[in-house]
Amino acid sequence: MKNHDIIVVGGGPAGLTSAYQLNKYGFDVLLVDKNTFPRPKLCAGLLTKKTRKLINNIFSVTTEDLKQKEVVDFCSDYYQIYFKDKLIYETKMKDAFYYVHRRVYDNYLFNLVKNSGVEIKEGTEVVDIDLFNSKIITKKGKEIKAGYIIGADGANSVIRRKLLTKRDDIKLDDFKKNMAVSLEAVVPRSELKLDFDHPILYYGILNWGYGWIFPRKDFLVVGIAGLKKSNNNFKDIFMEYLDLIGIKNKDVDYSGWQLPYGNFLKEPFYNNTLLVGDAAGLVEPLTGEGIYYAHHSGLLAAKAINKAENYNRNLISTYKRSLDEEILLRLERFKKLSKFFYGQPAFMQKFLLKVATKTAGNYLTEIIQEVKDDR
């Protein structure tokens, strides 16, 4: 006997989107997360236009709502791209980038989901899953069964690890080899001589990766991300990066985490279990954008379950088709571009950045921000 129609494991943007949408469809949904909210979350916290459009469609939350609730605390319609210490490109955009604290952003959405009537179990860590019987096993040994399970448990997904043991098309070790490492620090503006009021991306500072400065009201978020297998000592690289951008305090507190960076799963599902967001590796391989793909895949998973239950559609083929058309096609294109760009020596990367931004800079900006009105 099942305990719920659907169990969603993970309370980030992907899991919250799935749970909220499935509840709107009328399903009995249980959302479980190993943490209690609000909980810390390392992330640069950029919301593009397409992300803001999507969350408005799902949660009926506008950008103004996010600003009034102080979820958004900074925005900028201008950005720069550097190759090491050389400015390559700068432009002003029609649509601004908005920045959020992920702790605040996730908690805001979490409360929307909670108030919608979704049952939530915080502080509940899932340590195993029975893929054949759609059952999760918690750290305390409790078993909870459902008709469907959505794995939204992030880059270190327990559900993905179990799922990949049942699949022959990709091995767990291969997925791990293509993980990226990210180091990030929050630096008070009082410690900086320069007054940054716009985002900056830095290329050429590490192999197969990039650095960033994202502004906030009272501080800056600075970080680097790159493929683990292509870089030896991330701490040394990070310290050199801080020197490059003028941060002399070597005692700055920083944190690290792993993220998928071009190793997205083309078939993130097994039986009645679907993976979404970082658990499925759905992160853009060139820029590292992940929040949009988390929300979007969470929505697609919810739609696939609804169609399977109410419209006699096959769950797997429905989810696969929508992922292919709306997410994976785009990620595959960026993966090819990423491989070509990072496969070049440093002087060629610099040259390609100059050529690309000079000839198609505004177009590239539109690609980053793009949104289809019919989503």
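Cut-offs applied
Residues numbered from 1 in each chain as written. Predicted model: local features only at pLDDT ≥ 70, side-chain atom pairs only at ≥ 80, totals over all residues. Heavy atoms only, no water. Helix = DSSP H or I, 4+ residues; strand = E, 2+ residues; numbered from the N terminus. Salt bridge = Lys/Arg side-chain N within 4 Å of Asp/Glu carboxyl O. Buried < 20%, exposed > 50% of the residue type's maximum accessible area, 1.4 Å probe, protein only. Expected span 1.5 Å × (residues − 1). Contact = heavy atoms within 4.5 Å. Core = buried A, V, L, I, M, F, W, Y, C linked by side-chain atoms within 4.5 Å. Pairing = 2+ DSSP bridges.

## Some thoughts on the environment of Thr-62
So, point 1. Tracing the chain through its elements places Thr-62 in the loop between helix 2 (49–59) and helix 3 (63–68).
So, point 2. Residues Thr-62 and Arg-52, 10 residues apart in the sequence, show an inter-C-alpha distance of 7.2 Å.

## Remarks on the pattern of salt bridges
So, point 1. Within the structure shown, the criterion is met by 15 salt bridges.
So, point 2. In this structure, Lys-50 engages Glu-289 in a salt bridge whose closest nitrogen and oxygen atoms are separated by 3.0 Å. Placement of the pair is Lys-50 in helix 2 and Glu-289 in the loop between strand 16 (273–275) and helix 8 (291–310), with a sequence separation of 239 residues. Taken individually, Lys-50 and Glu-289 each receive the classification buried, so the pair is uniform in this respect.
So, point 3. Salt-bridge contacts for Asp-73 lead to Arg-216; the nearest nitrogen and oxygen are separated by 3.9 Å. Pair noted here: Asp-73 is in strand 4 (residues 72–83) and Arg-216 is in the loop between strand 12 (209–215) and strand 13 (219–227), with a separation of 143 residues, a long-range link.
So, point 4. Taken together, the shared-partner salt bridges in this structure form one network comprising Arg-39, Arg-102 and Asp-106.

## Section: helix 1 (residues 13–25)
One turn of an α-helix holds 3.6 residues; hence residues three or four places apart share an orientation.
So, point 1. Counted at 1.5 Å a residue, the expected span for helix 1 with its 13 residues is 18 Å, and the 18 Å between its end C-alpha atoms agrees.
So, point 2. In terms of residue burial, helix 1 counts as a mostly covered element, since 10 of its 13 residues are buried.
So, point 3. Among the residues of helix 1, those classed as buried are Pro-13, Ala-14, Gly-15, Leu-16, Thr-17, Ser-18, Ala-19, Tyr-20, Gln-21 and Leu-22.
So, point 4. Residues of helix 1 that are buried sit in contact with strand 1 (4–9), strand 2 (29–32), helix 2, helix 4 (102–115), strand 9 (143–151) and helix 8.

## Section: helix 4
So, point 1. Its 14 residues give helix 4 an end-to-end C-alpha distance of 20 Å, which sits within 8% of 20 Å, the value for a rise of 1.5 Å per residue.
So, point 2. Burial in helix 4 covers these residues: Arg-102, Tyr-105, Asp-106, Asn-107, Tyr-108, Leu-109, Phe-110 and Val-113.
So, point 3. Two residues or fewer past helix 4, Gly-117 is found with a positive phi of approximately 110°.

## A look at the nonpolar core
So, point 1. Formed by 76 residues in total, the largest nonpolar core has its most connected members in Ile-7, Leu-282, Ile-305 and Tyr-319.
So, point 2. At 11 residues, the largest contribution of residues to this core is made by helix 8.
So, point 3. Contact partners of Tyr-319, with chain neighbours within four places excluded, come to Pro-268, Phe-269, Leu-274, Leu-275, Val-276, Ser-297, Leu-300, Ala-301 and Ala-304.
So, point 4. One finds Tyr-89, Leu-201, Phe-214 and Leu-259 within the second-largest nonpolar core, a separate group that totals 30 residues.

## Quick look at the pairing of strand 11 (residues 200–203)
Side-chain direction in a regular strand flips from residue to residue, so the side chains alternate between the two faces of the sheet.
So, point 1. Residue alternation in strand 11 divides its side chains into two sets, Ile-200 and Tyr-202 and Leu-201 and Tyr-203, and both sets are buried.
So, point 2. As defined by bridge partners, strand 4 adjoins strand 11 across four bridges and the pair is classed as parallel. Bridging across to strand 11, Gln-80 finds its partner in Ile-200.
So, point 3. Pairing between strand 11 and strand 12: three bridges, direction antiparallel. From the neighbouring strand, Leu-201 faces strand 12, where its bridge partner is Trp-212.

## Let's talk about the sheet that holds strand 14 (residues 254–260)
So, point 1. Spatially, eight strands are ordered 3-5-4-11-12-13-10-14 in an open sheet, and the strand pairing comes out mixed. Of all the strands in the sheet, the pair left with one neighbour each is strand 3 (46–47) and strand 14.
So, point 2. Here strand 10 (residues 179–188) runs beside strand 13; their pairing, made up of nine bridges, is antiparallel. Bridging across to strand 13, Pro-188 finds its partner in Phe-219.

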